Amino acid sequence: MLSLQHISKYYQNGGNKNFVINDISLDIDEGEFVSIMGPSGSGKSTLLNIIGMLDEPTDGYHYFVNEAVHQLKDKQRSALYKKYIGFVFQAYHLIDELTVYENIETPLIYQDFKGAERKAMVADMLDRFQIVGKKDLFPAQLSGGQQQLVGIARALIAKPKLLLADEPTGNLNSKQGEEIMELFRKLNKEDGVTIIQVTHSEKNAEYGSRIINLLDGRIESSKKF
Amino acid sequence: MIRNYFKIAFRGFWRHKLFTLINVIGLSIGISAALVIYLIVHFDFTFDKFQPDGNRIYRVVTHYSYSGQTGYNSGVCGPLAGAVRSQVTGVEATAPFYMLYQPNVFVPGKGNVPVKFKNEDNVILADQQYFKIFDYKWLAGSVSALNTPNHVVLTSDQAKKYFPALSYDQMIGKIVTYDTIKTAVAGIVETIKQNTDFTFHDFISYSTNAANATIKDQLQLTNWGSTTSQSQLFVKLSAKTNIAHVEKQMTALLNKNFKEEKGNTGGFSLQPLNDLHFNEKYGAFDSEHQANKTTLYGLLIIAAFLLILGCINFVNLTTAQATQRAKEIGIRKTMGSSRKQLVVQFLSETFLITLIAVIISIGLAPIILKLFTDFIPPGIKVSFLAQPHVILFLLALIIVMSLLSGFYPAILLSGYKPVLVLKNQASSNSSKTRNAYLRKSLTVTQFVIAQFFIMATILVSKQIYYAINKDMGFKKDAILIINTPWKDRSTSKRDVFLNKLRSIPQVDQISVGGNTPPSSNNTNSTEATYKDGKKETKIDLQEKFGDENYIKVYNIKLLAGRNLRSTDTSKAFLINANYARLLGFKSPNAAVGKQIDKFNGDKAMQIVGVVADFNQGSLHTPIVPIAILTSTSIYQNGTFHLALKPETADGAEWKKAIAQMGAYYKQVYPEDDFDYQFFDASIKKFYESEQHTSTLLTWATGLSIFISCLGLLGLAIYTTNQRTKEIGVRKVLGASVAQIVTLLSTEVIMLILLAFVIVTPAAWWAMNKWMQSFADRTSISWWIFAASGAGMLILAVFTSGFQTVKAAIANPVKSLRSE
Ligand SMILES: Nc1ncnc2c1ncn2[C@@H]1O[C@H](COP(=O)(O)OP(=O)(O)OP(=O)(O)O)[C@@H](O)[C@H]1O
Ligand SMILES: [Mg+2]
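Predicted, not measured: the structure shown is a model, and the values here were computed from it.

What counts and how
Residues numbered from 1 in each chain as written. Chains lettered and ligands numbered in written order. Predicted model: local features only at pLDDT ≥ 70, side-chain atom pairs only at ≥ 80, totals over all residues. Heavy atoms only, no water. Near = heavy atom within 4 Å. Polar contact = N/O pair within 3.5 Å; in protein donor to acceptor, adjacent residues only side chain to side chain. Areas by Shrake-Rupley, 256 points an atom, 1.4 Å probe, with all protein chains shown as cover. Helix = DSSP H or I, 4+ residues; strand = E, 2+ residues; numbered from the N terminus. Nonpolar A, V, L, I, M, F, W, Y, C, P; charged D, E, K, R; others polar. Contact = heavy atoms within 4.5 Å. Buried area = accessible area lost by both parts, 1.4 Å probe. Domains from an automatic or database assignment. Salt bridge = Lys/Arg side-chain N within 4 Å of Asp/Glu carboxyl O. Pairing = 2+ DSSP bridges. Axes fitted to C-alpha atoms, helices over the stretch in contact; angles between N-to-C directions. Parallel < 35°, antiparallel > 145°, perpendicular 65-115°, else oblique. Left-handed = near helix turned anticlockwise from the far one by under 90°. Core = buried A, V, L, I, M, F, W, Y, C linked by side-chain atoms within 4.5 Å. Buried < 20%, exposed > 50% of the residue type's maximum accessible area, 1.4 Å probe, protein only. Patch = residues over 30% accessible without salt bridge, like charges linked within 9 Å, V, L, I, M, F, W, Y side chains within 5 Å. Expected span 1.5 Å × (residues − 1).

Close to ligand 1 lie 13 residues, the nearest being Ser40, Gly41, Lys44, Ser45 and Thr46 of chain A. Surrounding ligand 1 are residues belonging to chains A and B, so the site spans chains. The separation between an oxygen atom of ligand 1 and a polar side-chain atom of Ser40 of chain A is 2.4 Å. For ligand 1, whose unbound accessible area comes to 650 Å², protein coverage reaches 63%. No other element matches helix H1 (residues 44–51) of chain A, which puts three residues into the shell around ligand 1. Split by residue class, the shell around ligand 1 holds three nonpolar, seven polar and three charged.

And the structure:
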C-alpha cells in the first residue's frame, strides 16, 4: 500500500542538521495493523505525519498506492489524501463551533457528497458508534472518550483505506482505551482498513500485527506477529 | 456548502459578539457615508445627461480682457446668433434665448379679472431651434407656432399652474400676458423629470421682439459691443466638427464687426453641456443649483477614508483572532479541505458581515439625508434608494468591501500548515510576527487618517473664526440693509420711504447708496489716470456709491481731508489709503486736494479725503484701490444702509423697528415684498462654503475617530486577553498596577506618535494649499498639530485604558489557576 525509501527529515540548527527522521525505509501492505512505539522525541509523530502527507520529508522517496508522492503537486497530493486517508489525534481536534453531527459530516462536504447521501452516511455512523443521542451537542459538552469516538467516527466517515492514529488513547483511561482498540481491531479485521497507530502503551501496541520501535529517528526494531 | 459556511459564520459572529459589533458598526458608518455621497455625486454628475447628442451641444460664452482684467460672461452679444446662422460652418442648430427678469404674469380669470402670478422666474424668449437642440415631449400644439410673434409654449407643470381647470388641448390659444407682452398659448411640452439645469417653463416666441419695442431694446440685436448673461446662445455642432474651428469663426465675426479699444480683447468659446452644472466661472442659469467638483471629489475622498477605516478594523480584528481559528483551519485541512475552499469560507463570512452593514446603512440613509439637508441638493430623495443604479452600486460596494477586508485574512488563515496547528505551534508560526507588523501598520494608517481630519478641522475653524472676527476696517453689527425694489426704482418714492425710515426712533443714521463696503457681487471698477508732472499712473479703481453718511454708518475711518458732500457729485471723491499709496503719496494728507485726470473716461475728479483701508470682499480677495463717491443715479442709490441704536436689555426694539419698516415699505411699494438683511449676517455668508467644509470635516473627524477607537478597543481587549497569564505572572512577581498599565499602553502610544510624525508634514502641506485661496489668512500655528496629536493620544489611551486597567487589577490567582 505504501513504501518509504530512505526518508529523512532534519531541522537546521545553526550549522548542524538535527535529524528527526534519519534514513528510514519502510513498506506497509494493505490490511496491516501497525503500531509505532518509541521514546518521546524519537520522531513517531513526524513519521506518521509524513505518511499522512501532512508533513514533507527533506529527503527520500515516498510511494502511496503506486503514486510517487514526492513528485506530486500539492493539489494532487491533497486529492490522494482525501480519497484514502483518515486521521485520529490524541487531542481529538474536533471543531468547537460545530456539533457532533456537523463534525462528522464535514469531511463529506469537502468530498462533494450530496446532502441526502451525507445524511444517510452520518446517521449510519452515529448508529454504529452509539452516539445518536449526542448528535446535537458541541464538543465541549462531551467527555474525553466520547470526543475521541466522534474523532474516530469522523475519520472513518468517508471510508478511508488507511487510518492514521497518533496516540488515540493517550488522553483516555485504560477502559476507554481498550474499547477504542477493540474498535480498531474490528475495523482492521472486518472492514479491511489498514491502520497505523502511534502509542506509548505496550498493551495497545499488541493489538497490531506489527510493532515498529523508533529511536532517534531510526527504526530500531520491527516485529511481525 | 455555502449554507454550511453561513451557519458556521453566524455561530462565530455570535461567539465573538463584541468583535462582530465593532466590525459591523465600523463598516456601517463607512458604507452609510459612501451611500449618501454616492447619491449626491451621482445626482450632480447626471445633470442633462439624457439630452440626445449631448456631446455636441455647447453654450457659446464670452471672455474678455479689459484694461488688464479678464472676465467671463455666460451670455453673448445680440447679433451673434444671427451671424452664426448665416456665416459659421459646422453648426447644425443655433438656439439663442433671452431670460426675462421675473415678469408678472397675468392669465384671464373669472369675470374678466385677470389672475396675477408675481415675479415668475424661468421665463425666456426662444425660437424653434431651442426645441431642436433640447429634447421635449409635446403634449399639445406644435413648435411651428414659435415662428410667429406673441406666442408662448408652456411646460405641463406651469400650464397646470396657470390653467388648473383646463386640459392641455383646451389651453391652446389662451392669452397669457408677461408684464406688457401679450401672448397666445401655442403648445404644451412635458416638464423634464430628469436632472436638468434647463428649468425654463415659459417659452415666448423669440420673434416677439419685432412687435415689442421694450423687448427689442433689451435684446440689442444689432449691438456687438454689449453683452449680458440674460442673452445666451446654445449651438449643436455637426458631427465631427472641430470646436476650436467654430470658436475661431465666431471670434472673427466679433473682430470684424466691433473695434475694441487698444489693449482690450474679447472672444467666444464653446462650453460643453456637461460643464454647465459645474463651472462657477459662467454659472448655470440658476447658480444655486450648481455643484462644485472639488467638493464632490472631497466627499468621495471622505467616503473612501471612512470605508478604509472600517476595512482596517475588520482586517485587524480578524488577523488578531487568527491563532484562535488556526485550530479549526488545521482540522479542516486534515479532513480534506483545500485552501481554495477555506478562502471561500472566510470570504463568505466577510460577505455576510458586509451585507449586514449594508442593510443597516440602507436603514440609516434616510436619517442622514435628513440630517444633512443643508448640503444635499434638494432633488435627492429617499426614494432614490430604490433605483437600479443604487442597487448596483451597493452590490459593487459589498463585493469590493468583502474582498478588501476579507482577502488578506482569508489568505493568511487558509495558509496555516495543519501540522503546525496540530502540534500547537501556530502561535510560534513565523507569520505571526508579520501579522503583528501588518496590524500595527494598519493601526498607524487609521491614526494618520483620523489625525489628518482633526488637524484640518481645527485649521478651517480657525480661519473661519479669524475671517468673521477680523477687524475689516468697518463696523459690522447693528447695521440693516434694505433694497428698494428693483423694478420700481423711482427717486420720489425712495425719498418718501427714506423720510418714513428716519421717523423710526430706533434708527440712528441712514445712508443711501449702492453696495455695502464688502460685497460679493456687482463690483464696479473703472480705469483712472493720475498725472504727476510727466509721470502717468493708470490704475483700476473700484467705485462705491454712497452719500455723506456712508462712512459714518460703517465707521470707516477718515485719515485725512473731509467727508463727502452732496455737492461733490461728478467733481470729487474719497479714496482709500491703498490707492493713495499706489499713486506714490507719502502720507494720506499729501493726497488730499490732488486731481485724478481721467476717471471713468475723461472726467476729472478731486480727492477730498482719504479713508483707512477696509476689505471690499471676503478675505479671499485682497484690498484694492477704491473710490467712494456720490451719484444722482437711482441705480446707484437704491440701497438703504441703516445704523440702529443699541438694543436695551429686553431686546425687542429692533424687532419692533423692523416691523415698522415693513409696514412703511408696503405703503410706499404695495406691489413688492419687504426684505431686509443684517450686515453681519451677510458677512458670515461670504464664508458659507467654508462653513460647509468645516461641518463636513467635523463629521468626518468624529466618525473617523470613532471607528479607529472602536478598532483600538477591540485590539486592546484581544491583547489583554492574550496576555492575561503574563499579567498574572508579573503581578505574582511583584509588578504594580501602574507598571502593568504602562507595559500595556506603551505600544498604543508609540503607534500614535509614529502616525503623528507621518501625518504632520502631509497635513501641513494640505493646509497650506487650502489657505492659498485666502488673501488674508490666519497662521498655521504649531499648536494645531500639537493639539491634534495630544487629543488623539488622550482619546486612544483612554479607549484602551479601561481594558488595560481592568486587566491590571484583576486577581492573578484566577488567571493562573485556569491554566
Ligand atoms: N519545528 C521544529 N524545529 C526543530 N525541531 C523540531 C521541530 N518540530 C519537531 N522537532 C523535533 O523533532 C523531534 C521529533 O518530534 P516528534 O513530535 O516526531 O516526536 P514524538 O516521537 O512524536 O514524541 P512524543 O512521544 O513526545 O509525541 C523532537 O525532538 C522535536 O524537538
Ligand atoms: Mg508525538
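On the side of chain B, 23 residues touch chain A, which itself brings 24 residues to the contact. For the pair chain A and chain B, the two sides together bury roughly 2,200 Å², of which 58% comes from carbon and sulfur. The largest share of the area that chain A buries against chain B comes from His93, Glu97 and Tyr110 of chain A, three residues that together contribute 32% of it. Remark: the boundary between chain A and chain B carries four residue pairs in polar contact (both at pLDDT 80 or more). Here the residues of the side of chain A that touches chain B sort into eleven nonpolar, five polar and eight charged.

To continue, consider the domain arrangement of chain B. Residue and element names in this part refer to chain B. Splitting chain B by domain gives domain 1 (2–40 + 292–465 + 689–817), domain 2 (54–275) and domain 3 (479–686). Here the C-alpha centre of domain 3 lies 36 Å away from the C-alpha centre of domain 2. Between domain 2 and domain 3, the contact holds ten residues from the first and seven residues from the second. Where domain 2 abuts domain 3, roughly 640 Å² becomes buried across the two surfaces, and 32% of that area is made up of carbon and sulfur atoms. The interface formed by domain 2 and domain 3 holds two salt bridges in total. Lys118 serves as the salt-bridge partner of Asp673, at 3.4 Å between the closest nitrogen and oxygen.

This part is about the sheet that holds strand S2 (residues 16–28) of chain A. All names here are of chain A. Reading across from one edge, S2-S1-S4-S5 is the order of the four strands in this open sheet, with antiparallel pairing throughout. Here the strands that pair on one side only, and so sit at the sheet edges, are S2 and strand S5 (67–68). Where strand S1 (residues 2–13) and S2 come together, nine bridges link them in antiparallel fashion. By the bridge assignment for S2, Asn13 is matched with Asn16. Packed onto the sheet, H1 meets S1, S2 and strand S4 (59–64) and runs at close to 125 degrees relative to S1.

With that settled, the discussion passes to the packing of helix H3 (residues 100–110) of chain A against helix H1 (residues 2–15) of chain B. A packed helix pair is summarised by two numbers, namely the angle formed by the two axes and the spacing between the axes. Between H3 of chain A and H1 of chain B, the shortest axis-to-axis distance is 12 Å and the interhelical angle comes to 140 degrees. By the angle class used here, H3 of chain A and H1 of chain B are oblique. The two elements H3 of chain A and H1 of chain B cross, and the hand of that crossing is left-handed. Here Glu102, Glu105, Ile109 and Tyr110 of chain A of H3 of chain A come into contact with H1 of chain B, specifically with Asn4, Tyr5, Lys7 and Arg11 of chain B.

Turning next to the nonpolar core. All names here are of chain B. Counting 42 residues, the largest nonpolar core has Ile31 and Leu39 as its most contacted members. Going through the elements one at a time, H1, helix H2 (17–45), helix H9 (293–320), helix H11 (339–371) and helix H12 (388–414) are the ones with two or more residues in this core. If one sorts the elements of this core by residue count, H2 sits on top with twelve residues. Counting residues in each nonpolar core, the second largest holds 39 residues, with Phe453, Tyr550, Ile551 and Phe679 among its members.

On the surface, a nonpolar cluster with roughly 350 Å² of combined accessible area is contributed by Ile399, Leu403, Phe407 and Ile411 of chain B. Structurally, Ile411 of chain B is set in helix H12.

Turning our eyes to something else, we now look at the environment of Gln324 of chain B. As for its position among the elements, Gln324 of chain B is in helix H10 (residues 322–334). Discounting residues that sit within four places of it in the chain, Gln324 of chain B has contacts with His16 and Tyr718 of chain B.

Right, let's get into H2 of chain B. Taking 1.5 Å per residue as the helical rise, H2 of chain B with its 29 residues ought to reach 42 Å, and the 41 Å between its terminal C-alpha atoms agrees with that figure. The buried fraction of H2 of chain B amounts to 23 of the 29 residues, a majority that puts the element mostly inside the structure.

Residues and elements named next belong to chain B. Among the six residues that make up strand S23 (residues 639–644), six are buried, leaving the element largely enclosed by the rest of the structure. Note that strand S14 (residues 479–483) and S23 share five bridges and pair antiparallel. Across the sheet, Ile482 pairs through a bridge with Phe640, a residue of S23. Relative to S23, strand S15 (residues 507–513) runs antiparallel, the two sharing six bridges. Across the sheet, the residue bridging to Gln509 is Ala643, located in S23.

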